[in-house]
Amino acid sequence: MALSNENTKSDASNVIKVSLKNVYKVFGDDSGRALEMAHAGKSKSEIHASTGCTIGVDDASFDIMAGETFVIMGLSGSGKSTLLRLLNRLIEPTTGAIEIDGRDITKMSKRELIQLRRRDMSMVFQSFALLPNRNVLNNAAFGLEVSGISEAERTEKALAALDAVGLKDYAYSMPDELSGGMKQRVGLARALASEPTILLMDEAFSALDPLIRTEMQDELMRLQSENTRTVIFVSHDLDEAMRIGDRICIMQHGRVVQVGTPDEIVSKPANDYVRSFFRNVDVSQVFKAGDIARRTQLTIIDRQGVSVAAALEQMEQSGRDVAIVIGRDRRYHGMVSQDALIEKVKAKVAEPYRNAFLQDVQPIASAESVSNVLGRVAESRWPVPVVDELGRYVGSISKSSLLETLDRAG
């Protein structure tokens, strides 16, 4: 049985899975006065000094899209773990709305909430929390057992989950026979066994050694590529957030100060607090080729009725030595130079565009990290074209545009 999920990666750009609207969490007895002070713009420390209450989450409002890996990060005490626990009401919000698939969970009854957790949400904690007297299979199936699923069905689902994380062969081993990384995989399998549409992860890999942590990050990304679900991941590790996050939410003193893609936050930090997180980040590891590609090069559409002479005239008028040739479907065909085109036309060569393509220019995939293309751009005489996963032209990277981008980000 394959693990299934209703969301696909294509959904991630246009379907809201989770929506927070003016969410507050106040810890303490005088929450009403603390909220009044928060609404009046008082700081977290001022509110605590006056009321004895702590503002855990202060007016959080943002959307999480279906299928994305959304990372929440901040310094200790910033409210990131509190915010995560509000999403399944392990901690009750003081005010505000939290919508899952359009339903406000703050208004759900206890029974409805239990059904939501069983059907749509699973959580992975920092601690492995495995039951030492149960084997790996029974640990992976534990949540299903609590939910009242039959033994046959929970065994089937638990084995599928263990297979997904590469531990099916260890199904009948005991937890004390496993390494730390393997134990965390069992915890992940337990969360996946209920086939959730939302996976909540609270610093799930932070207790692991650096090498094992990287392996678990790779494992999570592999699982996402095979079977996309909405992952909400709390981390204090910047490298981890940049590596796995489609978008990152930065928190400070209970407030959400910025939400954006890694490159958006690196290039346009909201304040000095955010800027301090990314001060020593290698931006070449953050930006993808598609992020910095520019549509400044002359493009020629290779279609019936467009003569080579017209193309040469375009190049002459624009003062360009080279041009990008694309099809009507925007697929990249190649790059041509004026000299090569003129030579082929004079020789009356059939298909002059194709025969004039510069052979030393090969396109770069838009998803390629900038660090991996620095050498190619530096060594290329011409701007290097960038194409998406369908081979469509998205722009080119020149030496000057690359240096400008890196300099601006720095």
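What you see is a predicted model; the values in this text were computed from it and never measured.

The next subject is the overall build of the protein. The number of helices and strands found in the protein is 19 helices and 16 strands. For the protein, the spread of C-alpha atoms along the three principal axes comes to 85 × 55 × 40 Å. Residues classed as buried in the protein amount to 50% of the 410 residues present. Look at the contacts in the protein between residues 6 or more apart in sequence, and 66% of them connect residues 24 or more apart. For the protein, the distance from the average position of its 50 positive side-chain charges to the average position of its 56 negative side-chain charges is 3 Å.

With that settled, consider the packing of helix α7 (residues 151-164) against helix α8 (residues 180-193). Two quantities define a packed helix pair, namely the angle between the axes and the distance from one axis to the other. Where α7 contacts α8, the axes come no closer than 8 Å and their chain directions differ by 130 degrees. Judged by the inter-axis angle, α7 sits oblique to α8. Crossing geometry of α7 relative to α8 is assigned as right-handed. Two secondary-structure elements touch here, α7 through Lys157, Ala158, Ala161 and Leu162 and α8 through Ala189, Leu192 and Ala193. Class assignment of the residues belonging to the contact of α7 with α8 gives a composition of six nonpolar, no polar and one charged.

Spatially, β2-β1-β4-β5 is the arrangement adopted by the four strands of the open sheet, whose pairing is antiparallel. Pairing within the sheet leaves two strands with one partner each, and these edge strands are β2 (54-65) and β5 (103-104). In terms of strand pairing, strand β1 (residues 16-27) meets strand β4 (residues 95-100) through five bridges, oriented antiparallel. Bridging across to β4, Tyr24 finds its partner in Thr95. Along the sheet, helix α1 (residues 31-39) contacts β1, β2 and β4; its crossing angle with β1, the most-contacted strand, is approximately 115 degrees.

Atomic detail in the predicted coordinates should be set aside for any region of low pLDDT. Averaged over all residues, the pLDDT of the protein equals 85, while 92% of them reach at least 70. Predicted confidence is poor over residues 1-11, with pLDDT under 50, and the contacts of this stretch with residues over four places away or in other chains come to 32 contacts.

Before going further, it helps to spend a moment on the packing of aromatic side chains. Under the defined criterion, the tally for this structure stands at two aromatic pairs. Ring geometry for Phe62 versus Phe70: centroids 5.3 Å apart, planes at 15 degrees, classification stacked. On the basis of relative accessibility, which here comes to 9%, the residue Phe62 falls in the buried class. A relative accessible area of 0% places Phe70 in the buried class. Positioned above the aromatic ring of Phe27 is the side chain of Lys25, whose terminal nitrogen or guanidinium carbon lies 5.1 Å from the ring centre.

As annotated in UniProt, the feature "domain: ABC transporter" (unreviewed entry) corresponds to residues 18-278 in the numbering used here. For the annotated span residues 18-278, helix accounts for 41% and strand for 24% of the residues, and the straight-line distance between the end C-alpha atoms is 27 Å.

It is worth spelling out the pairing of strand β13 (residues 332-337) at this point. In terms of residue burial, β13 counts as a mostly covered element, since five of its six residues are buried. Inspection of the sheet shows strand β12 (residues 322-326) paired to β13 by five bridges, in the antiparallel sense. Residue pairing across strands places Val325 opposite Gly334, the latter belonging to β13.

Contact geometry of α1 with helix α2 (residues 44-51) gives a least axis separation of 10 Å together with a crossing angle of 150 degrees. Considering their axes alone, α1 and α2 lie roughly antiparallel with respect to each other. Note that α1 runs across α2; the crossing there is right-handed. Of α2, the residues touching α1 (which contributes Arg33, Ala34, Met37 and Ala38) are Glu46, Ile47, Ser50 and Thr51.

Rules and cut-offs
- Counting of residues starts from 1 at the beginning of each chain's written sequence and follows it residue by residue.
- Selection of residues for local features in this predicted model requires a pLDDT of at least 70, selection of side-chain atom pairs for listing and counting requires 80 or more, and totals for whole chains, interfaces and linings are taken over all residues.
- Just so you know, side-chain values use all the structure's heavy atoms and leave hydrogens and water out.
- Each helix corresponds to a stretch of at least 4 residues labelled H or I by DSSP, and each strand to a stretch of at least 2 residues labelled E; elements are numbered beginning at the N terminus.
- Working definition: with a 1.4 Å probe on protein chains only, accessible area under 20% of the residue-type maximum means buried, over 50% means exposed, and in between means partly exposed.
- The contact definition used throughout considers only heavy atoms, calling two residues in contact when any of these lie within 4.5 Å.
- Under this rule, positive means Lys or Arg and negative means Asp or Glu; His and the chain ends count for nothing.
- All charge positions are set by atom: Lys at NZ, Arg at CZ, Asp at CG, Glu at CD.
- Interaxial angles span 0 to 180 degrees and are taken between N-to-C directions of axes, which are lines fitted to C-alpha atoms, for helices over the stretch in contact.
- In these notes the angle categories are as follows: under 35 degrees is roughly parallel, over 145 is roughly antiparallel, 65 to 115 is roughly perpendicular, and the rest is oblique.
- By definition, turning the near helix anticlockwise from the far helix through less than a right angle yields a left-handed crossing, and turning it clockwise yields a right-handed one.
- Amino acids are sorted into nonpolar (Ala, Val, Leu, Ile, Met, Phe, Trp, Tyr, Cys and Pro), charged (Asp, Glu, Lys and Arg) and polar (every other residue, Gly among them).
- For two strands to count as paired, DSSP must find a minimum of two bridges between them.
- Every residue gets a pLDDT, meaning the predictor's confidence in that residue, from 0 to 100.
- Any pair of Phe, Tyr and Trp rings, taking the six-membered ring for Trp, is counted once the centres come within 6.5 Å. Such a pair is stacked with planes under 30 degrees apart, edge-to-face with planes over 60 apart, and tilted for the rest.
- We call a charge positioned above a ring when the Lys NZ or Arg CZ atom is no farther than 6 Å from the ring centre and deviates by at most 35 degrees from the ring normal.
- UniProt positions are given in the numbering used here, feature names are shortened, and annotations may be inferred rather than shown by experiment.

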